Amino acid sequence: MTINRRDEDAAATEIGYILTFFLGLMFLTTFSVWTFDIQQATEERWTNEAIQENLREVAEAIERADAAMRIDSNASYAEPVYLRLSADTGLGLILLLTEESVTITDTSEARMFTQDISAASDATHSGETNLAGVSIVWISLQQGNITVGLEQPGF
């Protein structure tokens, strides 16, 4: 019996275990990165769709205020618009109302969505609202001015 006998089969098995472990670790890491990318892309798509839906609903409310102004030039009108993404304060979204359009953008202008409005009445259109943490914006018509704001108007 020799004491310095080498067992090459055991060493090869041990190296196989180590390589299998590292291969599994590589696959797990690749899968984790892949699923994170899918999650980020889905979140980005849902955020953009929610912003566009908010914009569409605000534009429709403005059109209804314009219609009220066309019916009666002394009309007063107010309508709440319930927003999606109301809890997401990290986006830094701003709602802008001009004579020609409604725009939702972020402070860096990386996201900018615009919806044209008809402005078919004689009313003036104006307003700028920071949407961080906001769940409702008010579209109001008072004294020939259509505005967007956070407070319910008191007629």
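For the structure, check the block above.
Residues numbered from 1 in each chain as written. Predicted model: local features only at pLDDT ≥ 70, side-chain atom pairs only at ≥ 80, totals over all residues. Heavy atoms only, no water.

Trainee: So, the overall build of the chain: which residues are in play, and what are the values?
Mentor: A tally of helices and strands in the chain yields one helix and seven strands. Taken from the N to the C terminus, the helices and strands of the chain come in the order α-β-β-β-β-β-β-β. Its C-alpha atoms give the chain a radius of gyration of 29 Å, clearly above 15 Å, the size a compact globule of 155 residues would have. Taken over the C-alpha atoms alone, the chain extends approximately 110 × 25 × 20 Å along its principal axes. In the chain, which comprises 155 residues, the proportion classed as buried is 31%. A fraction of 57% describes how many contacts in the chain between residues 6 or more apart in sequence connect residues 24 or more apart. Only carbon and sulfur atoms are counted for the fraction: they give 55% of the accessible area of the chain, which is about 10200 Å². (Helix = DSSP H or I, 4+ residues; strand = E, 2+ residues; numbered from the N terminus. Rg over C-alpha atoms; globule rule 2.2 N^0.38 Å. Buried < 20%, exposed > 50% of the residue type's maximum accessible area, 1.4 Å probe, protein only. Contact = heavy atoms within 4.5 Å. Areas by Shrake-Rupley, 256 points an atom, 1.4 Å probe, with all protein chains shown as cover.)

Trainee: Give me the lowdown on unusual backbone geometry, citing residues and values where you can.
Mentor: Located in the positive-phi region is Q143, a residue other than glycine, with phi close to 50 degrees. With respect to the secondary-structure elements, Q143 resides in the loop between β6 (136-142) and β7 (145-149). The class for Q143 is exposed, based on a relative accessible area of 77%.

Trainee: Kindly report on the nonpolar core, identifying the contributing residues and their values.
Mentor: One finds V58, V137 and I139 to be the most contacted residues of the largest nonpolar core, which totals 28 residues. Those elements that provide at least two residues to this core are α1 (8-71), β2 (93-97), β3 (101-106), β6 and β7. Here this core gets nine residues from one element, more than from any other, and that element is α1. In this structure, V58 is in contact with V81, L83, L95, V102, V137 and I139, ignoring residues within four places of it in sequence. (Core = buried A, V, L, I, M, F, W, Y, C linked by side-chain atoms within 4.5 Å.)

Trainee: Provide a residue-level description of the pattern of salt bridges, including the pertinent values.
Mentor: Under the definition given, this model contains seven salt bridges. In this structure, R45 engages E49 in a salt bridge whose closest nitrogen and oxygen atoms are separated by 3.7 Å. On the criterion of helical spacing, the pair formed by R45 and E49 is a turn pair, its members being four residues apart in helix α1. Here E49 falls in the partly exposed class, since its relative accessible area comes to 44%. Two residues, E53 and R84, come together in a salt bridge whose shortest N-O distance is 4.0 Å. Of this pair, E53 sits in helix α1 while R84 sits in the loop between β1 (77-82) and β2, and the two are 31 residues apart along the sequence. We classify R84 as partly exposed; its relative accessible area is 36%. Where salt bridges share partners, they join E53, R56, E57, E60 and R84 into one cluster. (Salt bridge = Lys/Arg side-chain N within 4 Å of Asp/Glu carboxyl O.)

Function-wise, these values are silent; they only describe arrangement.
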